Amino acid sequence: MRILFLGDIVGKSGRDVVSSLLYVLKQDYQADLVIANAENAAHGKGITYKIYKQLMNEGIDYITMGNHTFSKAEIYEHIEDMDRLVIPYNHSKRTTDNYYKLITYKGIRFCLTNILGSVLMPEADSDPYTAFKAVLERTEQLRPDFYFVDLHAETTAEKRLFLEYFKEKAKVVVGTHTHVQTADEAIIDGCAFITDTGMCGAYESIIGREIEESIRSGIKKEKTIYTIASGEGMLCGVVIDIDDKEKAVTGIQRIQIRPE
Ligand SMILES: [Fe+2]
Ligand SMILES: [Fe+2]
């Protein structure tokens, strides 16, 4: 089985680049399943039901989220209908059990889950280690072959520490949230890992935000609204290979496509 995972989809530029490239990418990489982090899909913060359905129609099979899960209030109205949406277990506003999804494909049963880091993450109500232990306890009766974790966290050390502690259980740990792809993808003691998969969003931007506005806000200390950059998008993600017979993770490959 081959899984394509896309990093944080940010605003319209991110949605557009996914829309224009995903079909071909799925063919080129022969991907069986597509999972994407879409916590920034609706103008940089959160997701709407309409965008959720659009992303599903584009060919994404499951969506993970992050600290911005509840940034668009309408999610509360529709969350029960978004049955392929996985939200962080340790998000303080979580009201449903959508923190995991048991996925069965080609004889493999894996549990997709989403965990927030604790550093610079006020939305988290517990640290990622406590949170994942709780997920393991609550889902062990499902007997998945392994866990696929979208670890939505700010710091590199926190993500690596998580991997080292949980690599027996979680055979895939992919980082999201920083929007900057790292070049450390590897299989570490049988677990596919990358500190951050990067983003699908405007290439000329400050992690998706408009550059000029970021300067006015960050340096000149002006009050601004949060404006997402509107230029051409880059697409970032990873492809993960799993041996169907052995149920073992055998490869992780980085994808980064910049505008021409
Ligand atoms: Fe993000
Ligand atoms: Fe985030």
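Since this is a predicted model, take the numbers as computed values, not measurements. (Residues numbered from 1 in each chain as written. Chains lettered and ligands numbered in written order. Predicted model: local features only at pLDDT ≥ 70, side-chain atom pairs only at ≥ 80, totals over all residues.)

A.B. asks: Which parts of the structure should I look at to understand the overall build of the protein?
C.D. replies: Of regular secondary structure, the protein possesses 6 helices and 13 strands. The C-alpha atoms of the protein give 17 Å as radius of gyration, which agrees with the globular expectation for 260 residues (18 Å, within 12%). The dimensions of the protein, computed from C-alpha atoms along their principal axes, are 55 × 40 × 35 Å. Here the protein, with 260 residues, has 49% of them falling under the buried criterion. Summarising the internal contacts of the protein: among those between residues at least 6 apart in sequence, 65% fall at separations of at least 24. (Helix = DSSP H or I, 4+ residues; strand = E, 2+ residues; numbered from the N terminus. Rg over C-alpha atoms; globule rule 2.2 N^0.38 Å. Buried ≥ 20, exposed ≤ 12 C-beta atoms within 10 Å, placed from the backbone. Contact = placed C-beta atoms within 7 Å.)

A.B. asks: Help me out: how do you make sense of the sheet that holds strand β7 (residues 146–152) in this one?
C.D. replies: Strand pairing in a sheet takes place through backbone hydrogen bonds and is either antiparallel or parallel in direction. Strand order across the open sheet formed by 6 strands is β5-β6-β7-β8-β10-β9, with mixed pairing between neighbours. Unpaired on one side and paired on the other, β5 (100–105) and β9 (186–188) mark the two borders of the sheet. Direction aside, neighbouring strands of the sheet carry axes that sit 25° apart on average. Pairing analysis gives 3 bridges linking strand β8 (residues 170–176) to strand β10 (residues 191–194), with the strands arranged parallel. (Pairing = 2+ DSSP bridges. Axes fitted to C-alpha atoms, helices over the stretch in contact; angles between N-to-C directions.)

A.B. asks: Is there a simple way to think about helix α5 (residues 156–166) in this case?
C.D. replies: Given 3.6 residues per turn, any residue in an α-helix points the same way as the ones three and four places further on. Of all the residues in α5, the buried ones are E158, K159, F162, L163 and F166. When α5 is viewed along its axis, its buried side chains cluster within an angular range of 140° and face the same direction. In α5, the exposed positions angled more than 90 degrees off the buried face are occupied by A157 and E164. The inward-facing, buried residues of α5 abut α4 (128–139), β7, β8, β9 and β10. (Arc of directions from axis to C-beta.)

A.B. asks: Is there a simple way to think about the nonpolar core in this case?
C.D. replies: Most often, soluble globular proteins keep nonpolar side chains buried together rather than apart. With 75 residues, the main nonpolar core has I63, V172, V173 and I240 as its most contacted residues. Looking at this core, the element that brings in the most residues is strand β12 (residues 233–243), giving 7 residues. Sequence-distant contacts of I63, defined by excluding residues within four places in its chain, comprise A36, A38, Y52, L55, R84, L85 and V86. (Core = buried A, V, L, I, M, F, W, Y, C linked by C-beta atoms within 7 Å.)

A.B. asks: Can you help me understand the pairing of strand β1 (residues 2–6) in this one?
C.D. replies: Successive residues of a regular strand alternate their side chains across the two faces of the sheet. In terms of burial, β1 is a largely internal element, 4 of the 5 residues being buried. Of the strand pairs in this sheet, β1 and β12 are connected by 5 bridges, and their pairing is antiparallel. Directly across from L6, in β12, lies its bridge partner G237. Bridge count for β1 against strand β2 (residues 33–37) is 4 bridges, and the pairing is parallel. Looking at β2, one finds that L6 is bridged to A36. Traced from β1 through helix α1 (residues 11–29) to β2, the parallel crossover comes out right-handed. (Right-handed = clockwise from strand over helix to strand, strands pointing away.)

A.B. asks: What am I meant to see in the environment of L136 here?
C.D. replies: As for its placement among the helices and strands, L136 is situated in helix α4. For L136 and C111, which are 25 residues apart along the polypeptide, the C-alpha to C-alpha distance reads 9.7 Å.

A.B. asks: Would you take a moment to explain unusual backbone geometry for this structure?
C.D. replies: A negative phi holds for most residues other than glycine; trans holds for most peptide bonds. The phi angle at H177 is positive, at roughly 105°, despite the residue not being glycine. Relative to the elements of secondary structure, H177 occurs in the loop between β8 and β9. By the C-beta count within 10 Å, which is 28 here, H177 ends up buried. A positive phi is found at K247, a non-glycine position, where the angle reads about 55°.

A.B. asks: Could you clarify how one ought to interpret α4 in this entry?
C.D. replies: Here α4 contains 12 residues, and its C-alpha end-to-end distance of 16 Å stays within 8% of the 16 Å for a straight helix at 1.5 Å per residue. Those residues of α4 lying buried are P128, A131, F132 and V135. The buried residues of α4 occupy an angular sector of 95° when the element is viewed end-on, so they sit on one face. Residues of α4 that are buried in the fold lie against β5, β6 (108–116), β7 and α5. (Expected span 1.5 Å × (residues − 1).)

A.B. asks: Any chance you could explain the confidence of the model for the protein here in plain terms?
C.D. replies: Regions with low pLDDT should not have their predicted coordinates read in detail. Residues at a pLDDT of 70 or more form 100% of the protein, whose mean pLDDT is 97. Of all helices and strands in the protein, the one with the weakest mean pLDDT is helix α3 (residues 75–78) (96), whereas β2 scores best (99). (pLDDT = per-residue confidence, 0-100.)

A.B. asks: Explain the environment of T250 here, please?
C.D. replies: Tracing the backbone through its elements, the reader meets T250 in strand β13 (residues 248–257). For T250, a count of 13 C-beta atoms within 10 Å corresponds to the partly exposed category. Along the primary structure T250 and C191 are separated by 59 residues, whereas in three dimensions their C-alpha atoms are 8.6 Å apart. Apart from residues lying up to four places away in sequence, T250 is in contact with D241, I242 and D243.

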